Amino acid sequence: MRLIIMAPPGGGKGTQASELCDRYEIPQVETGKILRKAVKEQSELGRRAEKYMNSGELVPDQVMVEIIRSRLRKPDCENGFVLDGFPRTIPQAEALEELFEEEDIELDAVIYLNVPEQIIYQRLGRRRVCPECGSTYHLDANPPEVESICDNCGSDIVQRDDDRKDAIKKRLQEYRNKTKPLLEFYKSRGLLNEIDGDQSIDEVTSAIKEALD
Ligand code: ADP
Ligand code: ADP
Ligand code: ZN
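Residues numbered from 1 in each chain as written. Chains lettered and ligands numbered in written order. Predicted model: local features only at pLDDT ≥ 70, side-chain atom pairs only at ≥ 80, totals over all residues. Heavy atoms only, no water.

Chemist: Would you mind going over the nonpolar core with me for this structure?
Modeler: General note: in soluble globular proteins, nonpolar side chains tend to be found buried as a group. Formed by 32 residues in total, the largest nonpolar core has its most connected members in I4, I68, L72, L83, L96 and Y186. Taken together, the elements giving at least two residues each to this core come down to β1 (2–6), α2 (31–41), α3 (44–55), α4 (61–72), β3 (81–84), α5 (90–103), β4 (109–114) and α8 (181–187). With six residues, the single largest contributor to this core is α4. For L72, the contacting residues outside a window of four places in its chain are V29, C77, F81, L83, L96, L99 and F100. With 15 residues, the next largest nonpolar core counts C21, I111, L113 and V204 among its residues. (Core = buried A, V, L, I, M, F, W, Y, C linked by side-chain atoms within 4.5 Å. Buried < 20%, exposed > 50% of the residue type's maximum accessible area, 1.4 Å probe, protein only. Helix = DSSP H or I, 4+ residues; strand = E, 2+ residues; numbered from the N terminus. Contact = heavy atoms within 4.5 Å.)

Given below as structure tokens:
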């Protein structure tokens, strides 16, 4: 199964990708997570990406394509993967198509979670993440069992640096201008599955399951 999951920032990509990866036993390729790890380690990639991420801008395409190229060539991606956060621009989608051609593999589907912008602010404002293992929570919709503590690894959960109002605004702008055109791109290829993302987490999971079956 080779899938792309698309949504506005905070639309539920990570939450649903993680479900899909458990179900199909395939890796979750999450570009935001790869970048945040690089920033934390202050690698060359991290130092380059940091200023874009903090302001809510997209990291340049060339950088992202290189990351995906090397990640998808790893052996764990042989039987499939879920792309969570990539592609985010038309040039990224074109580069991905080229890569698939080179590797002689095909994309099975693109899942698009449609979530209105006013909901996004509620989602991101109340999102908490685990800085150690990357698990994602929501203070109302998906709280940890013990307040402020990651269920998975016991670390203190935190708010992401870019889940502030000014950065959210910029991310939504980037999404509208650069990422939304991908909907037509994948629709014209017969790959797009639009899901109402403004339902409970379980309802969205079921709707995705239905679309894929
Ligand atoms: P969200 O889950 O809120 O959509 P992500 O964790 O996917 O955010 O991404 C966080 C940030 O990392 C983005 O705002 C952007 O700066 C950068 N980023 C992640 N993926 C990409 C990509 N494919 N192209 C460009 N920038 C990216
Ligand atoms: P993305 O990866 O697209 O940025 P996330 O999966 O991190 O989105 O979800 C953003 C926030 O919204 C998280 O706090 C998550 O727990 C919460 N969330 C995800 N899906 C839903 C949903 N269907 N209803 C309510 N909250 C949700
Ligand atoms: Zn954790």
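Chemist: What should I look at first to understand the site of ligand 1 in this one?
Modeler: Close to ligand 1 lie 20 residues, the nearest being R36, E57, G85, R88 and R171. Between ligand 1 and the protein, one listed contact pairs a nitrogen atom with a side-chain N or O atom of Q92 at 2.9 Å. Looking at the shell around ligand 1 element by element, the count peaks at four residues for α2. Here the residues of the shell around ligand 1 are counted per class, giving seven nonpolar, five polar and eight charged. (Near = heavy atom within 4 Å. Polar contact = N/O pair within 3.5 Å; in protein donor to acceptor, adjacent residues only side chain to side chain. Nonpolar A, V, L, I, M, F, W, Y, C, P; charged D, E, K, R; others polar.)

Chemist: Please explain the coordination of the zinc ion (ligand 3) as it appears in this structure.
Modeler: Where a metal carries four tetrahedral donors, each ideal angle is 109.5 degrees; where it carries six octahedral donors, the ideal angles are 90 or 180 degrees. Around the zinc ion (ligand 3), the protein supplies C130 (SG), C133 (SG), C150 (SG) and C153 (SG) as donor atoms, at distances of 2.2 to 2.3 Å. Its four donor atoms give the zinc ion (ligand 3) angles of 98 to 119° at the centre, a pattern that matches the tetrahedral case. For the zinc ion (ligand 3), the donor residues sit on a single chain with the sequence spacing C-x2-C-x16-C-x2-C. Taken together, the residues span a long stretch of sequence, with C130 in the loop between β5 (127–129) and β6 (136–138) and C150 in the loop between β6 and α7 (165–179) at a distance of 20 residues. C150 carries the same exposure label as C130, and that label is buried. (Donors = N, O, S within 2.8 Å, 3.2 Å for Na, K, Ca; no water. Tetrahedral: all angles 85-135°; square planar, octahedral: opposite > 155°, others 65-115°.)

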